[in-house]
Structure formats: structure tokens, C-alpha cells
Amino acid sequence: MYNYTDEQLQSMKKVEATRAERVNNLFPRMSAEEKSQVLKENHPDYIDNAYETLKVGPNKGDKVLHELADLLQGKSRVLGKDIDLSNPDYDVDVLVIGGGGAGSSAAITAHANGANVMMVTKLRIGDANTMMAEGGIQAADKPNDSPAIHYLDAYGGGHFAAKPELLKMLVSEAPDAIKWLNELGVMFDKAPDGTMITTHGGGTSRKRMHACKDYSGAEIMRTLRDEVLNRQIPVVDFTSAIEIIKDENGRACGAVLLNMETNEILIAKAKTVILATGGAGRLHYQGFPTSNHYGATADGLVLAYRAGAKLLYADTLQYHPTGAAEPTQIFGALVTEKVRSLGAQLVNKDGNAFVYSLETRDVTASTIIRECKQRNNGVKTTDGEGVWLDTPIIEILNGEGTIEKRIPAMLRMFGKYGIDIRKEPILVYPTLHYQNGGIEINSDCQSTVENLFVAGEAVGGIHGRNRLMGNSLLDIIVFGRDAGRSASEKAKSVTVGEMNLNHVNSFANELKNAGINPTTLSPKLLPNYKRKDM
Ligand code: MEZ
């Protein structure tokens, strides 16, 4: 049994006392006006003083969070170094930067299209947010569903801000993405007759979440990694890209690389470049904990921005409603939305439900913050406060054994600390989960810099200003494959001109002219978790 405080134990008793009454009594859904109000008053995206206006670069005049501004307007790691571009260490058709699901899908597809591909990754292939995604991947492939319905769900959930052509690609290529993964060997949850088991996520009007228990991302990554390795695509690991190289025509043609173990600088020349560097949770925007992997530090946004690529919606982040709030050892770790898909309810310190559990993520997270901050209905935890996620209800609704069968990762994660989620509720609070915005691309996955392609979480605009569950595992596959196809096709007609880093010096001059004298080195590469007292 976990060592809860007396206050927590008393509150837990109240949750138990109201459970029977709540089982068949769902909290009503919110109206559009109620949603808009709770968002404005509570969502971290609306906290003005967390933001500043960019003074240089393609998004000059736009606001972004301080932590990102510091990096976008930071000091290049190549400044002052003698970088010799004349004798590249690698020379390939397609350079893929990033070793997660998007990078792997891109590399596989480019390779299948005949390109000489190389992947560089600052940690190891699979050290990525893909690996951390739990609950599932959306695709409208059941008879009662269609890509058009999927589009409407995602477009509304994203506040009607998604780039229509990108969202259309996402939803219409989704069924084929699932088929591709299934054929590669992903072990999706299936009924005895072989059909895929699908569930709801927040904001979905049809059950279209395909899952591999609650290890969906890990299982997808396992399969993609195997395919990359089977194809013998070269993977240069523990090596970060620290600057994009351009040719005299202003087109991307490679990257300056940094070996993370030896600090050696290496040069990769390429006909086309695909950025698949993932998200930014490890920037801990506004002090939030994160569900992200260790390397999620927005590197791709910095590289692209300095090379002249435009960002889209870089001001909007996703705070997943249910990060673990207790025990402290897993503070901020993801408690998959699938827990709520299976019926678990969000309940305050008095045992009262306060939100329909499958509102979209931004709305649900905002109601949790309101419950704690405005209404003083949160439960004190080691690191702050939280609300209860009443997990035992899952087995009342779906039968004994459901938790072990459908969400074994959750059972194990809390079980390690003596918490049996089949018998007791758990404490949760929003955790920084996803970068809604990123680098702007067109329908060829190309950024505003020629020959610089982007896929995965580094892209902005696919989901608008809020993403639905399961549309990220989907976008890494759809846009990973599309970027791999476009970049390898384009590479067939590219002759690289003289390589240079002039844009890096120009950017440094722009900063100087704007009165900015940056001291922060960027890209960040890894978070700094040095103890504050050391
Ligand atoms: O899409 C996601 O972010 C996801 C599947 C997360 C989860 O809650 O499991």
C-alpha cells in the first residue's frame, strides 16, 4: 500500500463513497460557451506573461513562450568555430534528422523509393516521443466511420485552425497507414475474428482508436526500428544536428553534426534533408512536468528557424490532462487517455465528478486546473496538487480483468509504488505533452526553405491549436511516409551547389541589430537537470 497522507486517504474514501452513484451517471458535456470560458480562464496558452514577441527571423512579431524565444533567438553552436564544409564526412541523397517514428517512417519510405538514406539521431533510434505514446492511433476504417467524419472531429477539436490540406492528408491516408503498420508486424489489439478493436478518445464521434494495449507507441516504434535495421539503413546515433547547411541557391543541403560523446564536429551533405526532431516537453514550459522523452528540446524548430523556415502556431502547447501527480517518482508521467476511454472518471477532493471525461484535452486539462486553482477542490500532493482519476470504475463497467488486459502498463507503473489501480483511484494533474505548433510545411511536407522537409511533431498546422488523442501516432506515419516519398523524389533532380553557413552569420547579425546579445546556446540538445544546490 502506498504511503498516502491522512488528507489524501480521507479524500480517497469520499471518492469510494460516491462511486456507485457515478457509475451510470455521466457528467454532462460542456457547451461551446462553457468550453471557451474555461479555456480562457485556465489554459496555460492564455497566460500572457508567459510569452514574448520574437524580434528576429521569419516569425518576427509573433509571440512564443519565453523558453522557446530564448532558443530561437539563441547563440549558434557553430559561431566562432572553424567549420570546414569542403570535405563532408557523409554524402547521401536524403538525410533524416531524428530517430523516432516520423524519422523512421521517412527513412523506410525514402529507402523503398531507391534513395541512399542516412539517419542521424542525438540519442538512439527509438529514443523518441513515439515510444512514450500509449493509448492508440486513430484511423477511420470501420463501416460506421469515414475520413470526412475524422476530419470534422479533428478540425473542431483543433479550434478550426488546422491547415485544411494537411488535415485532409492526415485523415484520408490514415486507413492505409494502419494497413502498412499491420503488414510490417505491429501487433494491434484484435477480436477473435481478426478485426481491430477500436475505442473512443476525447473529442472523437466514432470509435477509431486502434491500440496495442497501452504500449501502442512502443509497439509501433519496435516495428519501425526493426524495418530500418532490416533494410540496413545507416543510423548514426548519439549525434545531433546543430545547424542546417545551405547551398548558394539557398536550398538545404546537409547539416553540421555534433558527436555527443566525443564533441567531434562532422559534416553531412545531402540532396534533401528531412527534419523529424520531435517535440519540446523537456523545455518544461511554464514550469510544467512532462510526459516527453529526454531529448524533446525543440531542436528542429531552432535549426529550421535559423535556416529561414517559417513556424506556425509555435505559441500553442498541449498539456495532457492526466499526468501522474503522485507518487513523486513518476511526477508528470503519462496516464494514458485510454484509462478514461475505458470509463475512468475525473473526481475532485470531495468525490464529485466535475467534467465529462472525454472532452478534448485542452478543455479537460483546463477544468482540472480550475478545480485545483480557482475552486480549491484539488488534493495536496508531494509536488503540488491533483485530482482523482477513479480507475476502479473501469472494472465495474467492463468486467474484472479489464485493467490487466487493456492497460497493463498503467497497472505496472503504479503497482511499482504499491498502488493497485484496480482497487484505488490515482492522483493526476496536467503534464506538458505535445507541441501543437511547429515548422510550417506545404502538402509536399516541404518547409518554406527549399529541400528542407519536415515530419512528425516538429510540423505545425496539422492539428490546429489542439490535437486529439491518437492523431500524433497517426501523423508521424502519414507525414513520415509522405516526407520520405517527396524528399527522395526531389533528390533525384537535385545537384548540390556550394555549401555554406552564411545564414547563420546573417542571423547573428540580425540579432545584434535587434539589440539581442544571446548567451543561451541553441539548439538545446539535452535538458539541464543539474541539482540547483550544486
Ligand atoms: O496521442 C496521444 O497523445 C496519446 C495516444 C496519448 C495517450 O493518452 O495515450
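These numbers were taken from a predicted model, which means no experiment stands behind them.

**Some words on the nonpolar core**
Formed by 141 residues in total, the largest nonpolar core has its most connected members in Leu95, Val335 and Phe479. With 9 residues, the single largest contributor to this core is helix H16 (residues 471–491). Excluding anything up to four places from it in sequence, Leu95 contacts Met118, Val120, Gly254, Ala255, Ala268, Ala270, Thr272, Val273 and Ile274.

**Here's the deal with the domain arrangement of the chain**
Per the domain assignment, the segments making up the chain are domain 1 (6–30 + 318–432) and domain 2 (91–135 + 159–165 + 212–316 + 436–500). Taken over C-alpha atoms, the centre of domain 1 sits 34 Å from the centre of domain 2. Of the residues lining the interface, 26 residues belong to domain 1; the matching set on domain 2 comes to 21 residues. Taking both sides of the interface into account, the surface hidden between domain 1 and domain 2 amounts to around 2,000 Å²; carbon and sulfur atoms contribute 53%. There are 0 salt bridges connecting domain 1 and domain 2. Where domain 1 touches domain 2, the interface holds 15 residue pairs in polar contact (both at pLDDT 80 or more). Sorting the residues of the side of domain 1 that touches domain 2 by element identifies strand E14 (317–324), helix H11 (338–341), helix H12 (361–374), helix H14 (402–406), helix H15 (408–415) and strand E18 (426–435) as the ones contributing at least two each.

**Digging into the site of the ligand**
Close to the ligand lie Glu134, Gly135, Gly136, His320, Leu334, Thr336, Glu337, Arg361, His433, Arg467, Met469 and Gly470, which account for all nearby residues. Side-chain polar atom of Thr336 to an oxygen atom of the ligand: 2.6 Å apart, as the coordinates give it. Arg467 has a polar side-chain atom sitting 2.8 Å from an oxygen atom of the ligand. Burial of the ligand by the protein chains amounts to 98% of its free accessible area of 280 Å².

**Some words on the pairing of strand E17 (residues 384–390)**
For E17, the tally of buried residues reaches 5 of 7 residues, placing the bulk of the element in the interior. Relative to E17, strand E15 (residues 345–347) runs antiparallel, the two sharing 3 bridges. Each residue of the ladder has a partner; that of Gln345, found in E17, is Asp390. The pairing of strand E16 (residues 379–381) with E17 spans 3 bridges and is classified as antiparallel. Note on E17: the bridge partner recorded for Val379 is Gly386.

**Notes on the packing of helix H7 (residues 164–172) against H16**
Running from N to C, H7 and H16 cross one another at 100 degrees; their axes reach a closest spacing of 9 Å. In terms of their interaxial angle, H7 and H16 are classed as roughly perpendicular. Contacts between H7 and H16 pair Leu166, Met169 and Leu170 from the former with Asn471, Leu474, Asp475, Val478, Phe479 and Asp482 from the latter. Tallied by class, residues from the contact of H7 with H16 come to 6 nonpolar, 1 polar and 2 charged.

The rules we used
Residues numbered from 1 in each chain as written. Predicted model: local features only at pLDDT ≥ 70, side-chain atom pairs only at ≥ 80, totals over all residues. Heavy atoms only, no water. Core = buried A, V, L, I, M, F, W, Y, C linked by side-chain atoms within 4.5 Å. Buried < 20%, exposed > 50% of the residue type's maximum accessible area, 1.4 Å probe, protein only. Helix = DSSP H or I, 4+ residues; strand = E, 2+ residues; numbered from the N terminus. Contact = heavy atoms within 4.5 Å. Domains from an automatic or database assignment. Buried area = accessible area lost by both parts, 1.4 Å probe. Salt bridge = Lys/Arg side-chain N within 4 Å of Asp/Glu carboxyl O. Polar contact = N/O pair within 3.5 Å; in protein donor to acceptor, adjacent residues only side chain to side chain. Near = heavy atom within 4 Å. Areas by Shrake-Rupley, 256 points an atom, 1.4 Å probe, with all protein chains shown as cover. Pairing = 2+ DSSP bridges. Axes fitted to C-alpha atoms, helices over the stretch in contact; angles between N-to-C directions. Parallel < 35°, antiparallel > 145°, perpendicular 65-115°, else oblique. Nonpolar A, V, L, I, M, F, W, Y, C, P; charged D, E, K, R; others polar.

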